[in-house]
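Residue-level structural notes
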Amino acid sequence: MKRLLAIELQKIWKNKASRLLTFIYFILLSFIVWIASINFDLGGNQSSLAKMGIFDFPYIWHFNTYIAAYLKLFLAIVIVSMMANEYSYGTLKQNLIDGLSKKEFVLSKFYTVIIFAAASTFYIFLLSLILGLNYSATTEISVIFTGLEYLLAYFVKLIGFFSFCLLLGILIKRSAFALGFLLVWYILEGIIKGILNFSIFPEGKTASYISQFLPLESMSNLIVEPFSRLSIVKPFGPQMGISEIKDYGVHWYSLLIVLVWTLIFVYSSFKLLEKRDL
């Protein structure tokens, strides 16, 4: 594992574009700190988002992982480019000639996916801990470490998404087209959800039950929006169509669905590479 991971990290580090995107990604994650300084007028009084409780424990774990998940596209570009470069520079064929099996090749990419996801999760953990200790109204140990399941959901979400990007990179070979296909897939899932909700199952929860098994939708369901949990927003919930009994939790079955998709993506990547004439 160490050998395979070392090979991949060396490739990424030597690629200026991948190195730059990785740095930009972690810099943008740090901008969550900037949110604390945003001030606004509330009934003639100056307030800030931090004072609204977005950095209070345990809510901060939910809020920060939800916001950070939107930035995953930067690392997705790195993952897709990582595969595209293998074809463009002929390193894939050279690695196989040098004795690396196709299974080891796919595993090396997947290990890189895990490292990216773990590094991002750990960074969000540290960032949230620092912000929470500075702005949270409560800093009791029991409260601080409540809600860490959102970090697990964030980690699984990144692994699932990056594994999907890895498959697209192997399938399409060109990073721009692979990312374009990712957008098309996102739109396609939206259309499927719309058909299920408004045409086939307009009433009840059948549509939601079915759509939760769609790849991107299953990842999205891991961490639901946190804004309606804020005390300042709750009174307006009914007006915005937000149910007072909305479920914000991280569920084992949601994690399982994404993990199953991850296995499918990685296995499909291997089978595709195995059958392809390089």
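To be clear, the structure that these remarks concern was listed above.
A few points on the structure.

Criteria and thresholds
- Residues numbered from 1 in each chain as written.
- Predicted model: local features only at pLDDT ≥ 70, side-chain atom pairs only at ≥ 80, totals over all residues.
- Heavy atoms only, no water.
- Helix = DSSP H or I, 4+ residues; strand = E, 2+ residues; numbered from the N terminus.
- Buried < 20%, exposed > 50% of the residue type's maximum accessible area, 1.4 Å probe, protein only.
- Contact = heavy atoms within 4.5 Å.
- Areas by Shrake-Rupley, 256 points an atom, 1.4 Å probe, with all protein chains shown as cover.
- Salt bridge = Lys/Arg side-chain N within 4 Å of Asp/Glu carboxyl O.
- Phe/Tyr/Trp six-rings, centres within 6.5 Å; stacked < 30°, edge-to-face > 60°.
- Lys NZ or Arg CZ within 6 Å of the ring centre and 35° of its normal.
- Core = buried A, V, L, I, M, F, W, Y, C linked by side-chain atoms within 4.5 Å.

Comments concerning the overall build of the protein chain
When helices and strands are tallied, the protein chain shows 13 helices and two strands. Every one of the 278 residues in the protein chain was classed for burial, and the buried ones make up 43%. Once local pairs closer than 6 in sequence are excluded, the contacts in the protein chain between residues at least 24 apart make up 78%. Element-wise, carbon and sulfur atoms account for 67% of the exposed surface of the protein chain, whose accessible area totals about 14,800 Å².

Quick word on the pattern of salt bridges
Under the definition given, this model contains four salt bridges. The partner of E86 in a salt bridge is K109, and the shortest N-O contact between them spans 2.5 Å. One end of the pair, E86, is in helix 5 (residues 72-88); the other, K109, is in helix 7 (residues 102-135), with 23 residues separating them in the sequence. The closest approach of N and O atoms between K271 and E274, which form a salt bridge, is 2.9 Å. Linking K271 with E274, this pair stays in helix 13 (residues 252-275), spanning three residues, or about one helical turn. Several salt bridges share partner residues, and in doing so they unite K11, E86 and K109 into one network.

Some remarks on the packing of aromatic side chains
By the definition in use, this model includes 19 aromatic pairs. Summarising the aromatic geometry, the rings of Y25 and F26 are spaced 5.1 Å apart at their centres and angled 80° between planes, so their arrangement reads as edge-to-face. What makes Y25 buried here is its relative accessible area of 0%. Between F181 and W185, the aromatic rings sit 6.1 Å apart at their centres with planes inclined by 40°, giving tilted as the arrangement. Of this pair, F181 and W185 both sit in helix 10 (residues 175-200), four residues apart, which is roughly one turn of the helix. Assessed through its relative accessible area of 26%, W185 is described here as partly exposed. Over the ring of F161 we find K72, and its NZ or CZ is 4.9 Å from the ring centre. Over the aromatic face of Y248 sits the side chain of R229, whose NZ or CZ is 5.6 Å from the ring centroid.

Section: the environment of V224
Within the secondary structure, V224 sits in the loop between helix 12 (215-220) and helix 13. Expressed as a C-alpha distance, the spacing of V224 and K246, which sit 22 residues apart in the sequence, is 9.6 Å. Discounting chain neighbours no more than four positions away, the residues touching V224 are H62, Y66, D247 and Y248.

With respect to the nonpolar core
Core analysis: the largest hydrophobic core is formed by 71 residues, its most contacted members being I32, F55, I79, Y154, F161 and F162. At 15 residues, the largest contribution of residues to this core is made by helix 9 (residues 149-172). If near-sequence neighbours (up to four positions away) are discounted, F162 is found in contact with K72, L75, A76, I79, V113, F116 and A117.

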